[in-house]
Each structure stands twice: as structure tokens, then as C-alpha cells.
Amino acid sequence: MPGRKPEGDGGTPDRRAYLDWLRGIGVLIMIEAHTLDSWTRLADRDRPSYQWAIVLGGFGAPIFLFLAGMALVLGANARRRRGMSDLEASQRAARRAWQVFGLAFLFRLQSLIISGGGMRAFLKVDILNVMGLSMLLAAWLWRIGRTTPVRVVLLVAVTVLATMLTPPIRVTSWLDWLPDAIEAYLRPSPGRTTFTVFPWAGFVFGGAVTAIWIDRDGAGESVSNAVLLAAGLVMAACAYAASFLPPIYAVTSYWTSSPTFFFVRLGIISTLVPLAYWWSGTAVGRSGRSPIRQMGLESLFVYWIHVEMVYGVLSLPLHRSLTFGQAWAAMAALSLLLYGLVQLKQRTRWGRAGEKSTKFALDRANPASNRPQSG
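What counts and what doesn't
The written sequence of each chain sets the order in which its residues are numbered from 1. Two thresholds apply to this predicted model, a pLDDT of at least 70 for residue-level local features and 80 or more for giving and counting side-chain atom pairs, whereas whole-chain, interface and lining totals are computed over all residues. The side-chain numbers reported here are obtained from all heavy atoms of the structure, hydrogens and water having been left aside. Starting at the N terminus, helices and strands are each numbered in turn, a helix being any DSSP run of H or I of at least four residues and a strand any DSSP run of E of at least two. Each residue's exposure class comes from its accessible area (1.4 Å probe, protein chains only) as a fraction of the maximum for that residue type: buried when under 20%, exposed when over 50%, partly exposed otherwise. Whether two residues are in contact is decided by their heavy atoms, any of which lying within 4.5 Å being enough. Methods summary: accessible areas were calculated by the Shrake-Rupley approach with a probe of 1.4 Å, and residue burial reflects only the protein chains presented. Two rings belonging to Phe, Tyr or Trp (six-membered ring only in the last case) form a pair when the distance between their centres is within 6.5 Å. Interplanar angles under 30 degrees mark stacking, angles over 60 mark edge-to-face geometry, and anything in between is tilted. We call a charge positioned above a ring when the Lys NZ or Arg CZ atom is no farther than 6 Å from the ring centre and deviates by at most 35 degrees from the ring normal. The span one expects for a helix is its residue count, reduced by one, times 1.5 Å. Any Lys or Arg side-chain nitrogen found within 4 Å of a carboxyl oxygen on Asp or Glu counts as a salt bridge. Confidence scores per residue from the predictor, reported as pLDDT, run from 0 to 100. Within 3.5 Å is the distance limit for a polar contact, defined as a pair of N or O atoms, with the added protein rule that one can donate a hydrogen and the other accept it, and that residues adjacent in sequence qualify only through two side-chain atoms. The angle between two axes is taken between their N-to-C directions and runs from 0 to 180 degrees, where each axis is a line fitted to C-alpha atoms and a helix contributes only its stretch in contact. For classification purposes, angles smaller than 35 degrees are called roughly parallel, those larger than 145 roughly antiparallel, those between 65 and 115 roughly perpendicular, and all remaining angles oblique. What makes a crossing left-handed is the near helix being turned counterclockwise from the far one by less than a right angle; a clockwise turn instead makes it right-handed. Residue polarity follows a fixed list, in which Ala, Val, Leu, Ile, Met, Phe, Trp, Tyr, Cys and Pro are nonpolar, Asp, Glu, Lys and Arg are charged, and the others, Gly among them, are polar. Residues with no salt bridge and a relative accessible area higher than 30% make up the patches, which join like charges within 9 Å and nonpolar side chains (Val, Leu, Ile, Met, Phe, Trp, Tyr) within 5 Å.

(A) Highlighting the overall build of the chain. For the chain, the count of helices and strands is 16 helices and zero strands. Looking at the 375 residues of the chain, the share that counts as buried comes to 49%. Pairs at least 24 apart in sequence give 79% of the contacts found in the chain among residues at least 6 apart. As presented, the chain carries roughly 17300 Å² of accessible surface, and 68% of it is formed by carbon and sulfur atoms.

Below you can see the structure in the form of C-alpha cells.
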């Protein structure tokens, strides 16, 4: 919320704390998805409760991608307001995108060293790969758009294209000539990819459009979020209704490549932004030391350390060995452990230095302004 200063932030201008809240929810969903997927025994995976839990877990990655798109646009707008040109602001955004893309390979190198897997595992396409490339394209579109209406049109267009082209790209033979490591960025390849640009990049572009709406000059953020809530509900409802119509593709799968399921998720995530906004206005939401918000602030750190803990050699005895109930208990225990590590990190010199640099950046982005930097 504009002008809000959470407790414990030392009076520095606050970033949009409600996006940290939403990112923290995404962290918990991510832990749930990975823990249940890796540790639940095969005998319990046919249970409806497990399958619905996996559906819930499927919202973690879209939330992170969506918020990455929001952060990119909010950051670019903040830089432009403090005097940077569109070119300079987009170059900063592109630099961050390349950093994320580079982190993807650093993350895979860590996994390779700890758990092995060879070059095939190193070149595996995961969420950071797709996020970095999508942010790079979003930064370029933001720059060439020049005006808000044109930027919205461009970003909406690539959002639609990213999902509508997914089914044909999954089955076309035109991409067969590509090297497997490159093809894995476009469509699933066994053992080579967890995420693909089609349709996952659409969540980044959808988040960028949402940020343009939220961050309009002269717009009240409360009203903008109210409209966003209504738009998200309409999108999700229309997409769900469309899923009952005859498919327009010869081959598609609702849960993996269907445009209708994509827009159901995009609509739901859009509604989570205003819900987080209003929640952050409560007494609990205003607390700067909220565990969920702290997990959101350290989402990359939590992602970085927990994947190997869940899927790697460190937890090998637990892989596919727990009942569904035991896996939930293990997920809760792991979440508490990760929160403890977050607290430990924030109390170290590294954590304090990162916090100070973040606050310094926010001060520079918001001098005497009630327009906070991105979440």
C-alpha cells in the first residue's frame, strides 16, 4: 500500500509489502509441491486428496513467474520516474534477466556437484531458465512499446501467443531438427526439462501487464486492485467455462498444454494480488517480521537450498517412502527448518548487508515519494 511503513523497517520507504506476502505464499506452495512429489509413496498417489494437493502445488511456479513480470515492470517504472530514460531502465531490467538466466546454470552446477547427473542434468531447463528468458523478452517489449497502451497491447499479445501456440508446438515436427538441449526450452523432453517457454512465459507477461495496471500514474492502488480482482474472477470463470467447449486443437491435454487451464490459473493468480493487498492492511499483514513475508523476501534463497534437500541425495531415504499424511508432516517440519535458516541468514553479516543494500536501493527509487519500489 502506498505510504505504508512496516514495523521493523526503520522508517525506510516500503516496497509493496503485499507482493512479498504473495511471494511467501508461493514459497509454501512450492515446498508443498516438491515435498509431496518427492516423498509420497506410490501407493498413496492415486488418492484424490493427493491429486488435489498436486493441483494446488501447481500454482507455486506460476506465482513466482507472475511476480517476476510484475517486479520487472515496477522496477523499470521506478527507474524512469527518478530520471532514467526508457532505454536505461530497460537495460537494467535486461541485466537482471541475464542474471536470473545465469543463476539457472549455477543452480544446476550445484546440483551436479552434490547429486551428479552429468551434462544432461546440467543443461536441464528449469524455472530460472524460463524466467530469465521471459524477463528478457518482457524488458525488450517494455522498451519498444514506449507508451503504456502500446506496451499493454504487446504484452497481452505475447501472453496469448505463449499459451495458444503451446498445443501445436508440443506436436509439430518442424522443431525436430533442433538440438535436444534447445528444443527442451520450447516443449517437454523427457529428462531434459521441467518447464518450457510455452506456456510458462505467459505468466511473466501476464504479471507485467498487471504491474502496468497497478502502477498507473494518478491511479488509486485500492481501486486498481478492486478492478483487478473482478477481472481475475471473470478471466478464471470464462476460461473454466470454455474448458467444456469442444477443443480447437487436434491434440491437447487440459492439465499440461490447454490454454483454458492456463487462463484459469492466470485469473486465479490475478485475484491473489488484491487479496494480498487487502490482507497487508490488517494488523497481522502490517507486521514487517511476519514469517510468511520473510519467506517471500528470501524466496530465491529458500528455492536454492530446498530443492536439493527434497530431491537430492540428502533426503534419499525419504524418496517415495512416506504415506500421504507423513509427507504433509514432513513438509511442515521442512518449512519450519527453512524458516529457521532464513532467520539465521538474516542475522549474519551477509544477510544484514543484503538488507541494507535493498533498503538503499529502495530509498534511491523513492525519494520523498509514496510510490514504493517493486515487490
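(B) Main features of the packing of aromatic side chains. In the structure shown here, the tally under the stated rule is 19 aromatic pairs. Relative to Trp278, the ring of Tyr277 lies with its centre 6.3 Å away and its plane at 65°, an arrangement referred to as edge-to-face. Taking relative accessible area as the criterion, Trp278 reaches 35% and is therefore assigned partly exposed. Residue placement shows Arg151 over the ring face of Trp142; its charged tip is 3.9 Å from the ring centre. Here Lys345 stacks its cationic end above the ring of Phe301, 5.7 Å away from the centre of that ring.

(C) Seen up close, helix H12 (residues 259-279). In a regular helix each residue adds 1.5 Å, so 21 residues correspond to 30 Å; H12 covers 30 Å between its end C-alpha atoms and thus fits that length. When you tally the buried positions in H12, you get 15 out of 21 residues, the bulk of the element.

(D) Layout of the pattern of salt bridges. In this structure the tally under the stated criterion is 14 salt bridges. Across the pair Asp176 and Arg187 runs a salt bridge whose closest N-O atoms are separated by 2.7 Å. Of this pair, Asp176 sits in the loop between helix H8 (166-171) and helix H9 (180-183) while Arg187 sits in the loop between H9 and helix H10 (197-214), and the two are 11 residues apart along the sequence. Within this structure, Arg16, Arg81, Asp215 and Glu221 form a network of salt bridges that share partners.

(E) Spotlight on the side chain of Asn225. Tracing the chain through its elements places Asn225 in helix H11 (residues 221-242). Filtering out sequence-adjacent residues up to four positions away, Asn225 remains in contact with Tyr18, Ile214, Val273, Pro274, Tyr277 and Trp278.

(F) Spatial organisation of unusual backbone geometry. Each neighbour pair has its own omega, and for Phe198 with Pro199 the value is 10°, a cis peptide bond. Residue placement: Pro199 occurs in helix H10. Here Arg320, not a glycine, exhibits a phi torsion of approximately 50°, which is positive. Structurally, Arg320 can be placed in the loop between helix H14 (299-311) and helix H15 (324-347).

(G) The confidence of the model for the chain, seen in detail. Residues with a pLDDT of 70 or more make up 87% of the chain, whose mean pLDDT is 88. Here residues 1-14 scores under 50 on pLDDT; set against residues more than four positions off or in separate chains, the count is 33 contacts. Across residues 357-375, where pLDDT falls below 50, the model places 46 contacts with residues more than four positions away in sequence or in other chains.

(H) Seen up close, the environment of Arg108. In this fold, Arg108 is placed in helix H4 (residues 86-115). When the C-alpha atoms of Arg108 and Ala121 are compared, they prove to be 7.2 Å apart, with 13 residues separating the residues in sequence. When neighbours within four sequence positions are excluded, Arg108 is seen to be in contact with Ala121, Phe122, Lys124 and Asp126. Among the polar contacts made by the side chain of Arg108, one reaches the main-chain carbonyl oxygen of Ala121 at a distance of 3.1 Å.

(I) Local environment of the packing of helix H6 (residues 127-145) against H10. In the contact formed by H6 and H10, the axes pass within 9 Å of each other and the chain directions differ by 55°. Between H6 and H10, the interaxial angle falls into the category oblique. Considering how the two elements wind past one another, H6 and H10 form a crossing that is right-handed. On H10, the residues touching Val130, Ser134, Met135, Leu137 and Ala138 of H6 are Val197, Trp200, Ala201, Val204 and Phe205.

(J) Examining the packing of helix H3 (residues 60-81) against H12 more closely. Orientation of H3 relative to H12, taken along the N-to-C sense of each, is 60°, at an axis distance of 10 Å. Handedness of the H3/H12 crossing: right-handed. The residues of H12 that touch H3, namely those facing Pro62, Ile63, Phe66 and Met70, are Arg265, Leu266, Ile269, Ser270, Leu272 and Val273. Among the residues forming the contact of H3 with H12, the class breakdown is eight nonpolar, one polar and one charged.

(K) Representation of the side chain of Thr210 within the structure. Its place among the elements puts Thr210 in helix H10. Classification of Thr210 by relative accessible area gives buried; the value is 6%. The residues touching Thr210, leaving out its near neighbours within four places in the chain, are Phe66, Met70 and Leu228.

(L) Broad picture of the environment of Gly296. With respect to the helices and strands, Gly296 occurs in helix H13 (residues 291-297). For Gly296, a relative accessible area of 1% corresponds to the buried category. Note: C-alpha distance between Gly296 and Gly26 (270 residues apart in sequence) is 7.7 Å. Excluding anything up to four places from it in sequence, Gly296 contacts Asp20, Arg23 and Gly24.

(M) Spatial organisation of a nonpolar patch on the surface. On the surface, a cluster of nonpolar side chains totalling about 570 Å² of accessible area is made up of Leu106, Leu109, Ile113, Ile114, Val313 and Leu314. Among the secondary structure elements, Ile114 is positioned in helix H4.

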